[in-house]
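# Structural overview for review
Below, each chain spelled out in residue letters.
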Amino acid sequence: AAARAMGTGPCFGFLPKVGGLPQLTIGYGDFRGLGAPMRMMCAYTGVRHQDVKYTAEQKSTGSWSSPEWAKHKRELAQINPLVRLPYVINHSTGEVVAQSN
């Protein structure tokens, strides 16, 4: 049997195609965590993707914030009002899918 390229098997058939491969944006903090599995899946399958990593800064009160994420959250909330980290943007459909509990 001939070998298939990664990401071309039947289990990936539902993904929309743009230029031959899906085009995604993954957003999460600049560390391993809930965003890591999606980053690894994109790398393994060869999916074209943009990896947006938000840096958190500690405030004088001891809490953490990410001004860049706050800005992007307002923009993404226009598409998905429940957006939070991690998120995935499917540029083929315009959908923004976010983590939920």
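Since we're looking at a predicted model, the values are computed, not measured.

Quick look at the pattern of salt bridges now. Counted by the stated rule, this structure contains 3 salt bridges. Aspartate 51 is the salt-bridge partner of lysine 53, the closest N and O atoms lying 3.9 Å from each other. Here lysine 53 falls in the partly exposed class, since its relative accessible area comes to 40%. Where lysine 71 meets glutamate 75, a salt bridge forms, and the shortest distance between an N and an O atom there is 3.3 Å. Taken together, the residues span about one helical turn, with lysine 71 and glutamate 75 both in helix α2 (residues 67-76) at a distance of 4 residues. Taking the relative accessible area as the measure of exposure, lysine 71 reaches 44% and is therefore partly exposed. Each of Arg39, Asp51 and Lys53 takes part in a single network of salt bridges with overlapping partners.

Let us now look at helix α1 (residues 36-45). Buried within α1 we find Ala36, Arg39, Cys42 and Thr45. Where α1 is buried, its residues touch β1 (23-29) and β2 (48-54).

Time to look at the packing of aromatic side chains. Tallied over the entire structure, the rule returns 4 aromatic pairs. Ring centres 6.4 Å apart and planes at 50° place the aromatic pair tyrosine 54 and tyrosine 87 in the tilted group. Linking tyrosine 54 in strand β2 with tyrosine 87 in strand β5 (residues 87-90), this pair joins segments that are 33 residues apart in sequence. Taking relative accessible area as the criterion, tyrosine 54 reaches 2% and is therefore assigned buried. Between the aromatic rings of tryptophan 69 and tyrosine 87, the centroid separation amounts to 5.8 Å while the plane-to-plane angle is 20°, which identifies the pairing as stacked. Here tyrosine 87 lies in strand β5 and tryptophan 69 lies in helix α2, a separation of 18 residues in the sequence. Summarising the burial analysis for this pair, tryptophan 69 and tyrosine 87 share the class buried.

Scoring rules and cut-offs
Residues numbered from 1 in each chain as written. Predicted model: local features only at pLDDT ≥ 70, side-chain atom pairs only at ≥ 80, totals over all residues. Heavy atoms only, no water. Salt bridge = Lys/Arg side-chain N within 4 Å of Asp/Glu carboxyl O. Buried < 20%, exposed > 50% of the residue type's maximum accessible area, 1.4 Å probe, protein only. Helix = DSSP H or I, 4+ residues; strand = E, 2+ residues; numbered from the N terminus. Contact = heavy atoms within 4.5 Å. Phe/Tyr/Trp six-rings, centres within 6.5 Å; stacked < 30°, edge-to-face > 60°.

By themselves, these are just geometric observations and shouldn't be taken as functional.
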